Amino acid sequence: MASTVSSAVIMPGRLPSQRGGGRRFWRRWWKWLTALVFVLGAIVAAALVGRPLYHAWERREALAMVAQARHHLDAERWEEASKLLGEAYQKSPDQEEVLRALMELIRRTSPSAERQLFFLRQLSAGGHSTTEDQVRMAESHLALRQPDEARQLLEKMSPADKEGRYGLELRSLLARADGRQAEALALLRSSWEKAPEDPECRLRLATLDLRNPFKEVQERAEDQVWAVARGKDRAALLAMELLSGQAGVAIPLTPAEADELWKLVRDHPFASPRRELAVLGAYVKARPEKRDVMIEEEATRLEGRPLEDRMDFLRWLATSGDHERFLKLVPRDKALLMRELFPLYVEALAGSGRWQDLKDTMNRSAIMPLNAAEKALLQARLARGLGEPVETVKGYFREACRHAGAMRDYRGLLRAAAFSEDAGFADVALEAYRSAAASSKDPAVMERLLQLQQQRGQGAEAILATVEDLLKAQPNSRDQQAARFYLKLLLGREMEVCGFESRQSEAEGLLTPNAAAFVGAFSAYRELDLSKVRSLTAKVDAEALPTGQRAVLAGLLADCGEAARAFAIAEKISPVLLMQEEAAFLRKAL
C-alpha cells in the first residue's frame, strides 16, 4: 500500500521523531544556561554584598572583644585585655573603639610614645581624631624630642580650642618643654578647672593643693580626694591610691578613715588585688594593732590556691618587709623553680639575716633569674653577712654599682647606693648616686647626692653642679635657690649679679627673707660694702641657716667688728663639717 504521507511534508525536514528530540535538547541547554547565569549572578552578588556583610560581622566581633577587654582593663587584668585587643585589632585594625582601647592599654601598662603615636595617626587617617588626641600626639612628639611637630599641632588649633581644656594642656606641655615651669603649672591648673564634672580633673587639682603651704587649702584638697574615692569609677581607684600613700603624697589616716578606706576598696567593682593590698598596707599603718590579724585573714583567704594566684600577696609581704611570714608561706623547692618568685625569696632570706640559707639557695639554684648587678649586690650583702673581709665586701658593692651603671639600671643603682651607704661605704654610694642623678635627674636622688657631698666634704664646685641640676628639676625650690646664690658667692662667681638676682628672687617668693638677707650680706661683702654687710647681717637669724652658711656668717661678722656675736656662732661649729672655703671664714671668728 502506498504511503498516505505527502512527500512534500517528508522531504524538507526530518522525521517527526527527530524534530521532537531537538526540542528536548534545546530545552535542556536552556535550563543549564539559566542555572549558570543564576550561579554567576549569585557569585557576583556575594562579591558585592557578602564582603561588606563579612566586614560588618568582623567589626561587631571586634566591638564585643573591646567590651570584654575594657572590663579586664578596669580590673587591671592586663594579660587578658592584651590578648583580646590583639585579636580585635586583627579583625578590625581601623576601628576607632579598638584603637582607643589599645592606646589605653599602652598608657596604663608600658607607656610608649612611638606606639601611641602610631595609633593616633591611624585615628587621624580615619577621621576620628579629637582635640584630646592632638594633645596626646603632641605629648608623644615631645617625648620623642620633636618639639616642632608639637608646636605645629597647637598652631592648627582654632583660637577657641587653644583656650579650651585640651588647648591649655597642650600649651602647658610646650611651656614645660621650654623650661617655663611656673607658666606650665598655671596652664595645667586652668585646663583641669575647665572640667569640674570630671572626677580625674578634680583629683589632679586636689593633688596640687595638697602641696600648698596653707593648712586650709590642704584640708579642702583632702576632702575632695575623699569625695572622689567614694565613687565607683577609675578615678575612685586613683584617689584610693593617693590616700594609701602610693602616689608620693602623704595623707595621714586616722583609724576611722583607715576603716572607711578599706571598706571602699573591698566594695569597689574593679579593685584589683594589687589595689587592695596597697590599701591594706596603709590600713595596718593606721591600725598597727590589727596588722597580724588582717594579714592572717588574707593568708587564710588565699590558702590552698596555687602560688601563681598568690603572687600579689606574696610580693606585698616581701616588699613590706614581712620576711618571716613570706618564708613560712613559700617552700624553697617552689622558689627555686619559679623565676618570678626566686628574687623575692632570696631577698627575704637576706632581709631576715639567714645568710647560710641564702648561700645554700644560691648554690642550689640552676635558674638564678637575676641580672649581673643584682647578683653582685646579693653577693655583697651575703659576704657582709658572713663576715668576709671588708675589701672583699666593698669590691662586690663596687661591682654591683658598675654593672647597674653599664646597664643604665636606675633602680639598680639606687639599691646599690643605699646598701653601700648602709654598709659604711659612703664613697661607693656617692658614685652610685652621682650616676643615678645623671641618668634620671630625679630630685630625690639629687637631694640625697647633695647631702652625701656635704657630709663627705666635697668641694663647692661639685656641690654647685648638683644644685644647678636640682633647680632644673625643681625651679621653685627655695632651699636650692638660696644654695645656688650662696655657692656662687663662696666661689667668687657672678658676684656682680648675685645681689640683684637674689632681690628679684625674693620679690618672686623664691627666697625667704632670712635667706635673702644672708645672700645680700654676702654679696655686699664681696663688693667690699661693709656698712651694707652690717645692716643686712643684723636681720639674719643664724640658727635658721645651714652649718656652712653659719660659718660664713661668723666670718662676715668678724670682719665687720662684731667679734662677740661672731664667736658665739663659730664656737658651736665643727670644722670637720665644712668645705675648705667655709672653714676659711670660720677661722676669722675664732
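Residues numbered from 1 in each chain as written. Predicted model: local features only at pLDDT ≥ 70, side-chain atom pairs only at ≥ 80, totals over all residues. Heavy atoms only, no water.

### Let's talk about the overall build of the protein
- When you go through the protein residue by residue, the secondary structure sums to 34 helices and zero strands.
- The burial tally for the protein puts 41% of its 590 residues in the buried class.
- In the protein, the share of contacts with a sequence separation of at least 24, taken over all contacts with a separation of at least 6, comes to 53%. (Helix = DSSP H or I, 4+ residues; strand = E, 2+ residues; numbered from the N terminus. Buried < 20%, exposed > 50% of the residue type's maximum accessible area, 1.4 Å probe, protein only. Contact = heavy atoms within 4.5 Å.)

### Notes on helix α10 (residues 181-193)
- Its 13 residues place the ends of α10 18 Å apart at the C-alpha level, agreeing with the 18 Å of an ideal helix rising 1.5 Å per residue.
- Among the residues making up α10, those that are buried are A184, L187, L188, S191 and W192. Taken around the axis of α10, the buried residues stretch over an arc of 135°, which confines them to a single face.
- Among the structural elements, α9 (165-177) and α11 (199-209) are those in contact with the buried residues of α10. (Expected span 1.5 Å × (residues − 1). Arc of directions from axis to C-beta.)

### Here's the deal with the confidence of the model for the protein
- Mean pLDDT over the protein works out to 80, with 82% of the residues at or above the 70 mark.
- The element-level mean pLDDT for the protein is lowest in helix α1 (residues 7-10), coming to 41, with helix α14 (residues 255-267) highest at 92.
- Contacts of residues 1-17 to residues separated by more than four positions or lying in other chains number three contacts, the stretch itself having pLDDT below 50. (pLDDT = per-residue confidence, 0-100.)

### Quick word on the environment of G127
- Structurally, G127 can be placed in the loop between α5 (113-125) and α6 (131-143).
- Separated by 31 residues in the primary sequence, G127 and E96 place their C-alpha atoms 9.4 Å from one another.

### Quick notes on the packing of aromatic side chains
- As enumerated under the stated definition, the model contains eight aromatic pairs in all.
- Between F397 and F425 the ring centres are 5.7 Å apart and the planes differ by 55°, which places this aromatic pair in the tilted class. One end of the pair, F397, is in helix α23 (residues 390-406); the other, F425, is in the loop between α24 (410-422) and α25 (426-440), with 28 residues separating them in the sequence.
- The class for F397 is buried, based on a relative accessible area of 1%.
- The buried category is assigned to F425, whose relative accessible area is 10%.
- Among the aromatic residues, those joined into a ring-pair cluster are F518, F522, Y525 and F585.
- Cation over ring: K588 sits above F585, and NZ or CZ is 5.9 Å from the ring centre. (Phe/Tyr/Trp six-rings, centres within 6.5 Å; stacked < 30°, edge-to-face > 60°. Lys NZ or Arg CZ within 6 Å of the ring centre and 35° of its normal.)

### A word on the packing of helix α32 (residues 547-559) against helix α34 (residues 580-589)
- α34 packs onto α32 with a crossing angle of 45° between their chain directions and a minimal axis gap of 7 Å. Taken as axis vectors, α32 and α34 run oblique relative to one another. Like other packed secondary-structure pairs, α32 and α34 cross with a definite hand, here left-handed. Here G548, Q549, A551, V552, A554, G555, L556, A558 and D559 of α32 lie close against α34, whose contacting residues are E582, F585, L586, K588 and A589.
- Residue classes in the contact of α32 with α34 are distributed as eight nonpolar, three polar and three charged. (Axes fitted to C-alpha atoms, helices over the stretch in contact; angles between N-to-C directions. Parallel < 35°, antiparallel > 145°, perpendicular 65-115°, else oblique. Left-handed = near helix turned anticlockwise from the far one by under 90°. Nonpolar A, V, L, I, M, F, W, Y, C, P; charged D, E, K, R; others polar.)

### Description of the environment of A286
- Mapping A286 onto the fold places it in helix α15 (residues 273-286).
- Spatially, the C-alpha atom of A286 lies 9.2 Å from that of D259, the residues being 27 residues apart in sequence.
- Not counting residues within four places of it along the chain, the set of residues in contact with A286 comprises L253, T254, P255 and A258.

### Describing the pattern of salt bridges
- Counted by the stated rule, this structure contains 35 salt bridges.
- Residue E324 pairs with R354 through a salt bridge whose shortest N-O separation is 2.7 Å. Of the two residues, E324 is situated in helix α18 (residues 323-329) and R354 in the loop between α20 (342-351) and α21 (355-364); the sequence distance between them amounts to 30 residues.
- R354 gets classed as partly exposed once you look at its relative accessible area, which sits at 31%.
- Sharing partners across several salt bridges, the network here consists of D148, R151, D178, R180 and E183. (Salt bridge = Lys/Arg side-chain N within 4 Å of Asp/Glu carboxyl O.)

### A few points about the packing of helix α30 (residues 513-526) against α32
- At a minimum axis distance of 11 Å, the contact between α30 and α32 shows a crossing angle of 50°. For the element pair α30 / α32, the angle class is oblique. The handedness of the crossing between α30 and α32 comes out as left-handed. Residues F518, A521, F522 and Y525 of α30 touch α32, and the partners they reach there are Q549, V552, L553, L556 and D559.

### Topic: the environment of K285
- Along the chain, the position of K285 falls in helix α15.
- As for K285 and P252, which are separated by 33 residues in sequence, their C-alpha atoms are 9.4 Å apart.

### Considering the nonpolar core
- Counting 62 residues, the largest nonpolar core has V225, M240, F313, F326, L341 and L358 as its most contacted members.
- Residue contacts for L358: discarding those within four places in its chain leaves V346, L349, A350, L378 and L382. (Core = buried A, V, L, I, M, F, W, Y, C linked by side-chain atoms within 4.5 Å.)

### Quick look at the side chain of Q95
- Here Q95 shows up in the loop between α3 (78-91) and α4 (96-109).
- Taking relative accessible area as the criterion, Q95 reaches 3% and is therefore assigned buried.
- If we skip the residues at most four places from it in the chain, Q95 touches R59, A62 and L63.

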